[in-house]
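# Residue-level structure breakdown
Single-letter residue listing:
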Amino acid sequence: MKISAPVTKNQTIEGTIEDLTYEGLGVLKVDRYPLFVADALPGETIKAVVTKAGKNFGYARCLERETTSPDRVEVKKEDRRLAQAGIAPLQHMTYAAQLVFKQHQIESLLAKAKLDIEVSETLGMEKPYQYRNKAQIPVRLVNGQLETGFYRQHSHDLVPLEDYYIQDARIDQAIIVVRDLLREYGLAPYNEADQSGIIRNIMVRQGYYSDDMMIGFITNSKTLPHAQDLIKGITAQLPHVKSIVHNVNNRATNVIMGPVTKTIYGEDVIFDKLLGNQFAISAQSFYQVNPQQTEKLYQIAIDKAQLSDRDVVIDAYCGIGTISLAMARHAGDVFGVEVVSDAVADAKRNAKLNHLDNVEFVANKAEYQMSKWQEMGMKPDVIVVDPPRKGLDETLIESATQMAPKRVVYVSCNPSTLVRDIQRFAERGYHVVGPIQPVDQFPQTPHIESVTLLERD
Ligand code: SAH
């Protein structure tokens, strides 16, 4: 039997939102067919128009809201662009409701996997906006003028913006300064259609405890025209800028930076602190974007690790060593592994900077290094993992558990791979102890970060 959608494109329908997807879209069901609707909350009855009717699910746009959820906050008209740009897709929910949404997302994934594991309330921020310490802003021509902003969701149409709402206000200000200088010196924005033009993106990084700022130009051209004029203009208007870098990316790709970054002014890095340790951060290294919440996240990871001062710790996916160094203060020896070699160089430098000599860093894929350590007979007491969204490689789980650590602390940015990996650990004798603790690293967005403790049976 051929299954087809019970609705057609442009059809108007009415119904009550039943649920939210992991992306924060409202779910409106026609018979059992789900339509996903932006800016619609559970319990709200709406009138909507179908914008896409696929075989198994579709999308609709809200035309009229007949009832309003108590979890809704009114979004000012000028802020609606933030939702269009995908910067703050949950901005129409109260912050309290966002925190509950994140907790429930993990709970429902656990329930689907038939796992009876508790999830604590999401640890939120006091001021859940202007928290990001990094921006990579596209530069494009819009109506004949060079503009900075954000892409309209699921497109490459630039929406010009000046107030990004979730970024450190100093970053917003810097982007305006740089945009105006680019206009003044007539630098051509990149054009994706024919890969012409010069400036693709502006990157800005801002310290939280430090005042340091790094500005980066990502260009389609090999050289940066008017480099000296730009440097002069930036340093005159933004005296806290400690580093200006130039990165060339002349490939037709969505990856923002190319492989090589050159410092054209000041230092190669900026400095910031986390849990009392100092960190040098270079342009290409991963660094957590929400420093206030990162300190809470790491503290929970340290508490769950229950370290004693002789313990051997592995920190897999260690980035520039932020978790490794935080743990090194409480442990015997710490071994970090990370695939980006620049980040490993930063990590080594950071260990020295903080006079910690009980830490070693290796540049390698975590899954390869873990099996190497296992073959070498290493016996860690605690393994910390903080993988990207795709979660852990099964071979890493195999070699990690073969080394028989007492505890595994899993820092996750994707609950669905976390739940999958919890099951893989269970097959090898490791079970979750205590509740999973979500920590809100990304207010106004549906991203969910959490910490889980697993122990050997
Ligand atoms: N723990 C660090 C970094 C976490 S982000 C922090 O809190 O800052 C995940 C890190 O994993 C990134 O630095 C990324 O470069 C790295 N990574 C991605 N795939 C990897 C792999 N296969 N092996 C090792 N590291 C990897």
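Remember, it's a predicted structure, so these values are computed and weren't measured experimentally.

### Details of the site of the ligand
- Residues in contact with the ligand amount to 17 residues; listed here are only the nearest, Gln-288, Tyr-298, Glu-338, Ala-366 and Asp-386.
- In this structure, Glu-338 approaches the ligand through a side-chain N or O atom, which is 2.7 Å from an oxygen atom.
- Side-chain polar atom of Asp-386 to a nitrogen atom of the ligand: 2.9 Å apart, as the coordinates give it.
- Summarising the interface, the protein chains cover 88% of the accessible area of the ligand, which totals 570 Å² for the free molecule.
- Every element with two or more residues in the shell around the ligand is listed here: α6 (322-328) and α8 (366-375).

### A short note on the sheet that holds strand β9 (residues 199-206)
- The 7 strands lie next to each other as β8-β7-β6-β9-β10-β11-β12, forming an open sheet whose pairing is mixed. With partners counted over all chains shown, the strands left at the sheet margins are β8 (158-160) and β12 (261-266), one partner each. Between one strand axis and the next, the sheet turns through 35° on average, direction left out of account.
- Where strand β10 (residues 213-219) and strand β11 (residues 241-248) come together, 7 bridges link them in parallel fashion. In the sheet register, Phe-217 faces β11, and the bridge partner there is His-246.

### Section: the UniProt feature "domain: TRAM" (unreviewed entry) in the protein
- The UniProt record marks residues 6-64 with the feature "domain: TRAM" (unreviewed entry), using the residue numbering of this structure.
- Secondary structure across residues 6-64 divides into 0% helix and 59% strand, with the first and last C-alpha atoms of the span separated by 21 Å.

### Focus on the UniProt feature "binding site: S-adenosyl-L-methionine" (unreviewed entry) in the protein
- UniProt annotation of "binding site: S-adenosyl-L-methionine" (unreviewed entry) refers to Gln-288, Tyr-317, Glu-338 and Asp-386 when read in the numbering used here.
- Secondary-structure assignment places Gln-288 in the loop between β14 (277-282) and α5 (291-305).
- When near neighbours in sequence (up to four residues on either side) are disregarded, Gln-288 contacts Asn-133, Thr-294, Tyr-298, Asp-386 and Gln-441.
- As for its position among the elements, Asp-386 is in the loop between β18 (382-385) and α9 (394-402).
- Each residue touching Asp-386, except ones within four places of it in the same chain, is listed here: Gln-288, Ala-316, Tyr-317, Ile-323, Val-411 and Glu-449.

### Considering the domain arrangement of the protein
- You can read the domains of the protein as domain 1 (12-72), domain 2 (134-270) and domain 3 (290-456).
- Computed from C-alpha coordinates alone, the two centres of domain 2 and domain 3 are separated by 33 Å.
- Contacts between domain 2 and domain 3 engage 5 residues on the former and 7 residues on the latter.
- Here domain 2 meets domain 3 over a buried area of about 500 Å², counting both sides, of which 61% is carbon and sulfur.
- Inspection of the region where domain 2 meets domain 3 yields 1 residue pair in polar contact (both at pLDDT 80 or more).
- Looking at the side of domain 2 that touches domain 3, its residues break down into 5 nonpolar, no polar and no charged.

### Quick look at the sheet that holds strand β1 (residues 12-20)
- The strand order around the closed barrel built from 5 strands is β1-β2-β3-β5-β4, with neighbouring strands paired in mixed fashion. On average, adjacent strands in this sheet sit at an angle of 50° to one another, irrespective of strand direction.
- Pairing of strand β4 (residues 45-53) with strand β5 (residues 58-65) involves 7 bridges; the strand directions are antiparallel. The partner of Ile-46 across the bridge, within β5, is Arg-65.

Parameters at a glance
- Residues numbered from 1 in each chain as written.
- Predicted model: local features only at pLDDT ≥ 70, side-chain atom pairs only at ≥ 80, totals over all residues.
- Heavy atoms only, no water.
- Near = heavy atom within 4 Å.
- Polar contact = N/O pair within 3.5 Å; in protein donor to acceptor, adjacent residues only side chain to side chain.
- Areas by Shrake-Rupley, 256 points an atom, 1.4 Å probe, with all protein chains shown as cover.
- Helix = DSSP H or I, 4+ residues; strand = E, 2+ residues; numbered from the N terminus.
- Pairing = 2+ DSSP bridges.
- Axes fitted to C-alpha atoms, helices over the stretch in contact; angles between N-to-C directions.
- UniProt positions renumbered as here; feature names shortened; annotations may be inferred.
- Contact = heavy atoms within 4.5 Å.
- Domains from an automatic or database assignment.
- Buried area = accessible area lost by both parts, 1.4 Å probe.
- Nonpolar A, V, L, I, M, F, W, Y, C, P; charged D, E, K, R; others polar.

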